[in-house]
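Residue-level structure breakdown
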Amino acid sequence: MSTAAFHISSLLEKMTSSDKDFRFMATSDLMSELQKDSIQLDEDSERKVVKMLLRLLEDKNGEVQNLAVNAPGLTSMPPEVAGHLSVFQKPSVVIILGRRPGEDGGQPVRVAGLTLPAPRLRLGAPLGAFHASLLHCLLPQLSSPRLAVRKRAVGALGHLAAACSTDLFVELADHLLDRLPGPHAPASPAAVRTLIQCLGSVGRQAGHRLGNHLDRLVPLVEEFCNMDDDELRESCLQAFEAFLRKCPKEMGPHVPNITSLCLQYMKHDPNYNYDSDGDEEEMETEDSEFSEQESEDEYSDDDDMSWKVRRAAAKCMAALIGSRPDLLPDFHRTLAPALIHRFREREENVKADVFGTYIVLLRQTRPPKGWLEAMEEPTQTGSNLHMLRGQVPLVVKALQRQLKDRSVRARQGCFSLLAELAGVLPGSLAEHMPVLISGVVFSLADRSNSSTIRMDALAFLQGLLGTEPAEAFHPHLPTVLPPVLACVADPFYKIAAEALLVLQELVRVLWPLDRPRMLDPEPYVGEMSSATLARLRATDLDQEVKERAISCMGHLVGHLGDRLGDDLEPTLLLLLDRLRNEITRLPAVKALTLVARSPLQLDLQPILAEALPILASFLRKNQRALRLATLAALDALAQSQGLSLPPPAIRAVLAELPALVSESDMHVAQLAVDFLATVTQAQPASLAEVSGPVLSELLQLLHSPLLPASVLAAAEGFLQALVGTRPPCVDYTKLIDLLTAPVYNQDEDGGPGLHKQVFHSLARCVAALAAACPQEAAGTANRLVCDARSPNSSTGVKVLAFLSLAEVGQVAGPGPQRELKTVLLEALGSPSEDVRAAASYALGRVGAGNLPDFLPFLLGQIEAEPRRQYLLLHSLREALGAAQPDSLKPYAEDIWALLFQRCEGAEEGTRGVVAECIGKLVLVNPPFLLPRFRKQLAAGRPHTRSTVITAVKFLISDQPHPIDPLLKSYIGEFMESLQDPDLNVRRATLAFFNSAVHNKPSLIRDLLDDILPLLYQETKVRRDLIREVEMGPFKPAVDDGLDVRKAAFECMYSLLECLGQLDICGVLNHEDGLKDHYDIRMLTFIMLARLATLCPAPVLQRVDRLIEPLRATCTAKVKAGSVKQEFEKQDELKRSAMRAVAALLTIPEVGKSPIMADFSSQIRSNPELAALFESIQKDSTSPPSTDSMELS
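Because the structure is predicted, anything quoted here is derived from the model rather than measured. (Residues numbered from 1 in each chain as written. Predicted model: local features only at pLDDT ≥ 70, side-chain atom pairs only at ≥ 80, totals over all residues. Heavy atoms only, no water.)

Once that is clear, we can look at the overall build of the protein chain. Broken down by element type, the protein chain carries 62 helices and 2 strands. Per-residue burial for the protein chain yields a buried fraction of 53% across its 1192 residues. Split by element, the accessible area of the protein chain, about 53000 Å² in all, is 50% carbon and sulfur. (Helix = DSSP H or I, 4+ residues; strand = E, 2+ residues; numbered from the N terminus. Buried < 20%, exposed > 50% of the residue type's maximum accessible area, 1.4 Å probe, protein only. Areas by Shrake-Rupley, 256 points an atom, 1.4 Å probe, with all protein chains shown as cover.)

This is the structure in structure tokens:
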């Protein structure tokens, strides 16, 4: 037996002593031992400790009882220890609480005993058998004459409500409602307050379970709110706040009454006359200290509870605004003016909550990203912003005095509120700048209190510089600059760092590089430079201050370097010195980049010779951020300094580059190639030594199938620079041979060999070289035609030839037209699918450059060659996408007629290409062609209708487009196809709707109320669409509605981005998807995990209904003898369901649900599920390497 175990055993023996002092001291020592982290008890010892503590709860001595009740072994025991309670018929706490007042060791034991249930009730399962006994013992305590007992009972009942079964919860709710007398019935005020407080406690802990009782409960509480009892009013408003946060949908019918109560009691202050504030304003400015002290003495009545009512009303209003974003216009009309009027609140705590409530209103008003487009007419969000803009003068006027209040907390609230307002309405505070600058300067000069207010003022000023126009600050710069510079010199590092950030922003905003200077910097540049240099020279500073000083000086030199005069060279030398320091080298590199990119053309000769070797050494470092910043700095220096760069230093830098042109880090490779292109243009002679190794690495990089478009563009620029210099660094023909060698040198019948994407990359590079050398383009095109036509050419050579012709045809003309047409048509009949696809692509791209010759030919071929129709339609699609819209207008009618003749084709793939062609054709002349869709939808057959709807999908892009306003006016008619009797039309409509939600939600925002019922209808399983198919002795069921249901759930997933417009309860009511087909279940599990993160309250209300499908999936078994794919599918389903469970468990209150607690226990007891859950938790805590589907 260990020493600790022996000591515990001896203490347990003393606790059985007949001497009460022995028992008391032994219990006290045991408590001390149990609180030590080093104590490790085995299961038998845990059982003995719990048994002894429970025995002491029935001790005859009250002091021993009280100590045992508060023992950590009972109030803080882990669930596995609490499991030992099951050895008793009834927990001793129930015995204590169930005694009559004369039987126990005194009221202190009863009060202490009430602290035991609350934390332990969260265990759920271990104490589940005793919930009924606890409830029946706790309810009588609500009538106790002692306030402390009633308060503890209220807290314990709140925790019990969250963990008990549904039947017990209904019993508790009914008991509380039945005990509540009518507002006019005689009752003890204390009893009513206790019952209302208990309802509030239940609402906070288990409000999601109260939804069914609110229609009966809320009117009662509203009546009590009107009684003349401030403590009761506070409890009622707190209860309303809990109900609104936990059951926003069920509280909908009661919102008007609660709104009026909040408005009424937010200004409930019978002991103060606010109307006299305006008259006393001048007197207060004369002798503020005396008058404010007198005011505090006069109104600081300890018995005044009205401030608690006002604070509760403000918090309730915040819950109301946060839970009902759909009522924002009404809130702006009714609540906003009242809140602004209450900014003059005299009680600091209440004022902070009023500010917080208005900030909630501002955050709800902020338009979601992507929902406002400049070309749209005003919508609901726009009207909210319009109303908010009208409130700005009132807000600033109400805060004018508060910005100079003696209370630091009040000023902090002002800055938070104004910063949020500036973020929601950028530019709205410009005309009020005198008031704001005055308030900022007042706080910056306030050195009597803590440094927090100065940091808040600086942060607010920095935000203001980012949202308001620069011209608004010009008149106030002489006022605001001195206190900012004083803060730069402040000894406290946080203030100095924040001030340097503000100074940097001042320089960037007031003297921008892309516009003419509207303000003369001469009066200010000297003191700004001196203050920053003082910080830059100091070496004994905090790291954050050092970095901010370097960054600030970089902006100062980059924006105002031409005004620094003699200070410029010492400043550059200081930057060079910081470049040598390992701690400051990264910010110094970024500052040097700013200076080099400056259009002021500063002379950097004093530091170039030394800086370039240092930068070259950085390219060998493992720190990726340093390498990226260094390459950006080198590129900026090469562009700005050009020929003045020392050739030896440049060669030292270039020697490091071949190792960086690698697919191991594409971003680094892109910057390296960009720099190479710049150096090639600036100093082509310096590249001679490294052109071979660099080209070798670059060609290897071009063979990567993962090559991003940005790296390809950089490679094209570098290759053009190589042949564009005079004389060229590398010969044109040699470069073409190097690029195409891997394709031309492979075996003739070995197939393409390289990845398909590599051929596109090489073709782009060939076209870039042809564009840089126009005199060589025609010869290149002829060679490509010959290669494509030659019977000896391999598949890879032909694919590259056609893709290169497609690109070269755009820059150098199509070459011999007749021969090219023949070659392309012959290739469409090639046995190789890759050759056919490349020829189809080339025909469209080359045709786009010569429409009068190629387009009639292409249309004729589509009519004459039905077997090649699919490939020829692909060519037409490429031609429509690459040609100029005006050049296509003469052919629009012919193309329109041809495409609609092919809408009824049997092959879905062909109809998809036709739809895409129609979409591209409509963009040629939208006002004329888009209205024609109406006729096709009304009169067309099913395939034509689905093709038209699919074509509309191709009109939606994620960027603003001129067709958007016209398209928005027709969206409603297109969405009516959700009621089409044909399944394919409905599926196409859902795909179109999903594209609109994902790419441009503003198109469908105003139609959601009409669309959502039709969408939800499509999520249901329709028995009439399930049919049996005979396959020998088997008759498997085939669900024809599966694709439509899947499309509907995909739309619901995309709609989660529009939470402000979406009824989440409506989404959660369709939990049948959790039991549907494999694909739909996978999607709904992801949706559930995301909803648990975005809006936990509605999910918590329905968690009991959501758990069973998750449990069924996690515990399902695959039939023996099933194929491997079935096992893999089931494993994926389990994993996805477990991710949803893990997301649900992040909701704080979900563990109190008995069903969830039972499922969690089942997961822990099953080794397979426990291992799966543990692995998912590890995955969620580790940083993801790539972007996941979930948006958090």
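Once that is clear, we can look at the pattern of salt bridges. Inspection of every chain in the model, using the stated rule, returns 57 salt bridges. One salt bridge in this structure joins Arg-517 and Asp-562, with 3.1 Å as the shortest N-O distance. Linking Arg-517 in the loop between α27 (493-510) and α28 (522-537) with Asp-562 in the loop between α29 (543-560) and α30 (568-580), this pair joins segments that are 45 residues apart in sequence. By relative accessible area, Arg-517 is classed as partly exposed at 28%. Across the salt bridge formed by Asp-1006 and Lys-968, the nearest N and O atoms sit 3.8 Å from each other. Here the residue Asp-1006 occupies a position in the loop between α53 (983-999) and α54 (1008-1017), and Lys-968 occupies one in helix α52 (residues 964-975), the gap between them amounting to 38 residues. Salt bridges linked by common partners bring Asp-269, Arg-310, Arg-342, Glu-345 and Arg-346 together as one network. (Salt bridge = Lys/Arg side-chain N within 4 Å of Asp/Glu carboxyl O.)

For the structure shown, the criterion picks out 6 cavities of 30 Å³ or more. Taken as a whole, the largest cavity spans an internal volume of roughly 120 Å³. Surrounding the largest cavity, Phe-1049, Met-1052, Val-1067, Leu-1068, His-1070, Glu-1071, Leu-1074, Thr-1084, Met-1087, Leu-1088, Leu-1091 and Leu-1106 form its lining. The element contributing the most residues to the lining of the largest cavity is helix α57 (residues 1078-1094), with 4 residues. Among the residues forming the lining of the largest cavity, the class breakdown is 9 nonpolar, 2 polar and 1 charged. (1 Å grid on protein atoms, 1.4 Å probe; cavity = no way out; pocket = protein on both sides within 12 Å on 5 of 7 lines; lining within 4 Å. Points joined across faces, edges and corners; volume = space filled by probe spheres on them. Nonpolar A, V, L, I, M, F, W, Y, C, P; charged D, E, K, R; others polar.)

Within soluble globular proteins, side chains that are nonpolar tend to cluster in buried spots. Core analysis: the biggest nonpolar cluster contains 364 residues, and Tyr-358, Phe-802, Leu-876 and Phe-933 have the highest contact counts within it. If near-sequence neighbours (up to four positions away) are discounted, Tyr-358 is found in contact with Ala-336, Leu-339, Ile-340, Phe-343, Leu-388, Gln-391, Val-395 and Leu-417. By size, the runner-up hydrophobic cluster in this structure holds 15 residues, among which are Leu-30, Val-50, Leu-57 and Ala-68. (Core = buried A, V, L, I, M, F, W, Y, C linked by side-chain atoms within 4.5 Å. Contact = heavy atoms within 4.5 Å.)

Moving on, we get to the environment of His-254. For His-254, the position within the fold is in the loop between α15 (230-246) and α16 (255-266). Between the alpha carbons of His-254 and Glu-222 there is a distance of 9.6 Å; along the sequence they are 32 residues apart. When residues no more than four places from it in sequence are discounted, the contact partners of His-254 are Leu-214, Asp-215, Val-218, Pro-219 and Glu-222. Of the polar contacts made by the side chain of His-254, one reaches the side chain of Asp-215; its length is 3.3 Å. (Polar contact = N/O pair within 3.5 Å; in protein donor to acceptor, adjacent residues only side chain to side chain.)

Moving on to the packing of aromatic side chains. For the structure shown, the criterion picks out 10 aromatic pairs. Judged by centre distance (6.2 Å) and plane angle (65°), the ring pair of Phe-933 and Phe-974 falls under edge-to-face. Highlighted residues: Phe-933 in helix α50 (residues 932-939) and Phe-974 in helix α52, separated in sequence by 41 residues. Exposure class is identical for Phe-933 and Phe-974. Each is buried. On the numbers, 6.5 Å between centres and 80° between planes, the contact of Phe-974 with Phe-992 is edge-to-face. (Phe/Tyr/Trp six-rings, centres within 6.5 Å; stacked < 30°, edge-to-face > 60°.)

On to helix α11 (residues 147-163). Over its 17 residues, α11 runs 25 Å from end to end, which matches the ideal 24 Å to within 8%, given 1.5 Å per residue. Counted residue by residue, α11 has 12 buried out of 17 residues, so it is predominantly covered. Taken together, the buried positions of α11 are Val-149, Arg-150, Ala-153, Val-154, Ala-156, Leu-157, Gly-158, His-159, Leu-160, Ala-161, Ala-162 and Ala-163. (Expected span 1.5 Å × (residues − 1).)

Moving on, we come to the packing of α16 against helix α19 (residues 306-323). It is the contact of α16 with α19, at a shortest axis distance of 8 Å, that shows an interaxial angle of 145°. In the packing of α16 onto α19, the handedness of the crossing is left-handed. Along its contact with α16, which presents Val-255, Ile-258, Thr-259, Cys-262, Leu-263, Tyr-265 and Met-266, the element α19 presents Val-309, Arg-310, Ala-313, Ala-314, Cys-316, Met-317 and Leu-320. (Axes fitted to C-alpha atoms, helices over the stretch in contact; angles between N-to-C directions. Left-handed = near helix turned anticlockwise from the far one by under 90°.)

With respect to the helices and strands, the residue Val-484 is situated in helix α26 (residues 477-488). Each C-alpha atom of the pair Val-484 and Val-440 lies 10.0 Å from the other, and the pair is 44 residues apart in sequence. Ignoring any residue separated from it by four or fewer positions in sequence, one finds Val-484 in contact with Leu-444, Leu-458, Leu-461, Ala-499, Val-502 and Leu-503.

To continue, consider unusual backbone geometry. Positive phi outside glycine occurs at Gln-601, with the angle close to 55°. Structurally, the position occupied by Gln-601 is in the loop between α31 (585-597) and α32 (605-618).

So, on to the packing of α29 against α30. Two elements in contact, α29 and α30, have axes whose closest approach is 11 Å; the angle formed by their N-to-C orientations is 145°. Crossing hand, α29 versus α30: left-handed. Between α29 and α30, the residues in contact are Ile-550, Met-553 and Val-557 and Leu-568, Thr-571, Leu-572, Leu-575 and Arg-578, respectively. Considering only residue class, the contact of α29 with α30 consists of 6 nonpolar, 1 polar and 1 charged.

Tracing the backbone through its elements, the reader meets Ser-235 in helix α15. Apart from the residues lying within four places of it in its own chain, the contact partners of Ser-235 are Ile-196 and Gln-197.

Looking at the protein chain, pLDDT values average 83 and 87% of them are 70 or higher. Below a pLDDT of 50 lies the segment residues 73-113, which in the model reaches 91 contacts outside its immediate sequence neighbourhood of four places, other chains included. Contacts from residues 278-300, a stretch scored under 50 in pLDDT, to residues over four places away or in other chains number 8 contacts. (pLDDT = per-residue confidence, 0-100.)

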